Amino acid sequence: MIRINRFWLPLAGFLLLAVVFAIALKRAPNNSLANLPSVLIGKPAPEFTLPAVGDRDTQVSISQFRGNWTLLNVWATWCVECRVEHPLLLDLQREGKVTIVGLNYKDQDELALEWLRQLGNPYAANAADPEGRAAIDYGVYAAPETFLIDPQGVIRRKRIGALTREVWEKEFAPLIGGAS
Amino acid sequence: MAHAIDPAPPFEDPVLQQRYVDLIHELRCLKCQGETIADTPALFAQDIRRQVREMVAAGRTDDEIRDFMVERYGEVILLRPRFSARNAWLWLAPGVFLAVGVIVGWRIVSQRRQLLDQDDTPVDDDGVRPA
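Residues numbered from 1 in each chain as written. Chains lettered and ligands numbered in written order. Predicted model: local features only at pLDDT ≥ 70, side-chain atom pairs only at ≥ 80, totals over all residues. Heavy atoms only, no water.

A word on the pattern of salt bridges
Residues and elements named next belong to chain A. Counted by the stated rule, this structure contains 20 salt bridges over all chains. For the salt bridge of Arg-165 with Glu-169, the shortest nitrogen-to-oxygen distance reads 3.1 Å. Within this pair, Arg-165 and its partner Glu-169 are both found in helix H5 (residues 165–179), separated by four residues, close to a single helical turn. Looking at Glu-169, the relative accessible area reads 44%, which means it is partly exposed. Bridged by salt links that share partners, the residues Glu-95, Arg-165 and Glu-169 form one connected network. (Salt bridge = Lys/Arg side-chain N within 4 Å of Asp/Glu carboxyl O. Helix = DSSP H or I, 4+ residues; strand = E, 2+ residues; numbered from the N terminus. Buried < 20%, exposed > 50% of the residue type's maximum accessible area, 1.4 Å probe, protein only.)

Structure follows, in structure tokens:
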């Protein structure tokens, strides 16, 4: 009896480790850090008050949009992926389920305005964050990043990298549908 | 080299400068992942260095600065993970494994020693037992 136990012990240990590794591998983010859940999810969206892109006399703050489902999109004209996701933002603006607010990240107003003229403007407002200070409060480390903020002003979802229709339908839209 | 990456002038106070240098060496550049924010000219690292610099200058403690970063970016920004309830087993597992190994090893050795004591088979001059 004891012999059998001794024989099975290493095998049991091996199987246990294999199961642990299998679970860890499955849960591991496939795009390394980018898919780690943001610590900000479930927390109130950090407030910022910044001048509007192209209009330094107008202030944009995120709390202005309380009461609506809001998409805070961190973008820049130097950001290639932002160009990729831009048509989707235009579509979402047309569909009207969310108010899209831009955080123009480490960019220049003239370039940003030119971009919006050429490609269309999906944003209800665009805050200029040339030094990336508001972005730090949102844990932003690259553009584009997109935050879904609920009508109570709580961050519900975050996407690092270009938002796609697939991700929108799968991860963002259900939250809006379920709560309103 | 360090100057090429971090063009900011050093603190006049060497104590503050040392704290700044130590802190930027323990924060991960999330954009570049394998590097600390001290090692890279990436935009993200520049911004975080500026933030650390300003907070050091404003008299915030090292822990306050670490907490500030963790609140925004998560534990992942710390290159040296903290001990917490969630990762306690990772920190403690090596010690537990070592203890189990020592106990098992000790038991095997003491069992064999007992067997040897009970064994009265005579040995020859070279200490070898006849087969």
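What follows picks up the thread again.
Overview of the packing of aromatic side chains
For the coordinates displayed, the defined rule picks out ten aromatic pairs over all chains. The interplanar angle of 40 degrees and the centroid separation of 5.5 Å between the aromatic rings of Trp75(A) and Trp115(A) together place this pair among those described as tilted. Taken as a pair, Trp75(A) in strand S3 (residues 70–75) and Trp115(A) in helix H3 (residues 109–119) lie far apart in primary sequence, 40 residues in all. No difference in accessibility class separates Trp75(A) from Trp115(A), as the two residues are buried. Between the aromatic rings of Tyr141(A) and Phe44(B), the centroid separation amounts to 6.0 Å while the plane-to-plane angle is 70 degrees, which identifies the pairing as edge-to-face. You can see Tyr141(A) sitting in the loop between helix H4 (133–137) and strand S6 (145–149) and its partner Phe44(B) sitting in helix H3 (residues 43–57), one on each of two chains. Among the residues examined, Tyr141(A) registers a relative accessible area of 10% and is labelled buried. Each member of the aromatic cluster is reached from another via a ring pair, and the members are Phe48(A), Tyr138(A) and Phe147(A). Here the basic side chain of Arg53(B) rests over the ring of Tyr20(B), its NZ or CZ set 4.3 Å away from the ring centre. We note Arg72(B) situated over the ring of Phe68(B); from NZ or CZ to the ring centre the distance is 3.6 Å. (Phe/Tyr/Trp six-rings, centres within 6.5 Å; stacked < 30°, edge-to-face > 60°. Lys NZ or Arg CZ within 6 Å of the ring centre and 35° of its normal.)

Regarding helix H5 (residues 88–118) of chain B
With 31 residues, H5(B) should cover 45 Å at 1.5 Å per step; its first-to-last C-alpha distance of 45 Å lies within 8% of that length. Taking the largest bend as the criterion, H5(B) deviates by roughly 30 degrees, centred on Pro94(B). (Expected span 1.5 Å × (residues − 1). Bend = angle between axes of the 7 residues up to and from the residue.)

With respect to the interface of chain B and chain A
Tallying the contact residues gives 18 residues for chain B and 18 residues for chain A. Here chain B packs against chain A, burying approximately 1,600 Å² in sum over the two surfaces, 56% of which is carbon and sulfur. Of all residues in chain B, Arg50(B), Arg72(B) and Tyr73(B) bury the most surface against chain A, accounting for 31% of the area lost on that side. At the boundary of chain B with chain A, the tally comes to three salt bridges. In this structure, Glu54(B) and Arg133(A) form a salt bridge, with 2.8 Å as the shortest nitrogen-oxygen distance. (Contact = heavy atoms within 4.5 Å. Buried area = accessible area lost by both parts, 1.4 Å probe.)

Section: the environment of Pro51(A)
Residues and elements named next belong to chain A. Among the secondary structure elements, Pro-51 is positioned in strand S1 (residues 49–52). A relative accessible area of 19% places Pro-51 in the buried class. Spatially, the C-alpha atoms of Pro-51 and Ile-23 are 47 Å apart, while their sequence positions differ by 28 residues. Aside from chain neighbours lying at most four places away, what touches Pro-51 is Arg-56, Thr-58, Gln-59, Asn-126, Ala-127 and Ala-128.

What to know about the nonpolar core
One finds Phe48(A), Leu71(A), Leu72(A), Tyr138(A), Phe147(A) and Trp168(A) to be the most contacted residues of the largest nonpolar core, which totals 47 residues. When residues in this core are grouped by element, the largest group, five residues, is from H5(A). Grouped together as the second largest cluster of nonpolar side chains are 27 residues, Ile160(A), Phe11(B), Ala45(B) and Val52(B) included. (Core = buried A, V, L, I, M, F, W, Y, C linked by side-chain atoms within 4.5 Å.)

Some details on unusual backbone geometry
Where the residue is not glycine, phi is negative for most of them; where a peptide bond is considered, it is trans in most cases. All names here are of chain A. The linkage connecting Ala-143 with the following residue, Pro-144, adopts the cis geometry, with an omega of -5 degrees. Topologically, Pro-144 is positioned in the loop between H4 and S6. Here Lys-106, not a glycine, exhibits a phi torsion of approximately 45 degrees, which is positive. Here Lys-106 shows up in the loop between strand S4 (99–105) and H3. What makes Lys-106 buried here is its relative accessible area of 16%.

Things to note about the state of the cysteines
Overall, the coordinates contain two disulfides over all chains when judged by the stated rule. Note that Cys79(A) is cross-linked by a disulfide to Cys82(A), the S-S spacing being 2.1 Å. On the sign convention where negative is left-handed, the bridge of Cys79(A) and Cys82(A), at about 90 degrees about the S-S bond, is right-handed. For the residue pair Cys79(A) and Cys82(A), the accessibility class agrees, reading buried in each case. Paired through a disulfide, Cys29(B) and Cys32(B) show a sulfur-sulfur distance of 2.1 Å. Judged by the sign of its S-S torsion, about 70 degrees, the cystine formed by Cys29(B) and Cys32(B) is right-handed. When its relative accessible area of 0% is taken as the criterion, Cys29(B) is described as buried. (Disulfide = S-S within 2.5 Å.)

Looking at empty space enclosed by the protein
All names here are of chain A. Per the stated rule, a full pass over the model turns up one cavity of 30 Å³ or more. In this model, the largest cavity occupies a volume close to 70 Å³. Together, Ala-45, Ile-62, Ser-63, Phe-65, Arg-66, Asn-68, Thr-70, Ile-149, Asp-150, Pro-151 and Gly-153 line the largest cavity. Among the residues making up the lining of the largest cavity, the classes are represented as five nonpolar, four polar and two charged. (1 Å grid on protein atoms, 1.4 Å probe; cavity = no way out; pocket = protein on both sides within 12 Å on 5 of 7 lines; lining within 4 Å. Points joined across faces, edges and corners; volume = space filled by probe spheres on them. Nonpolar A, V, L, I, M, F, W, Y, C, P; charged D, E, K, R; others polar.)

Take it as geometry only, folks, not as evidence of what the structure does.
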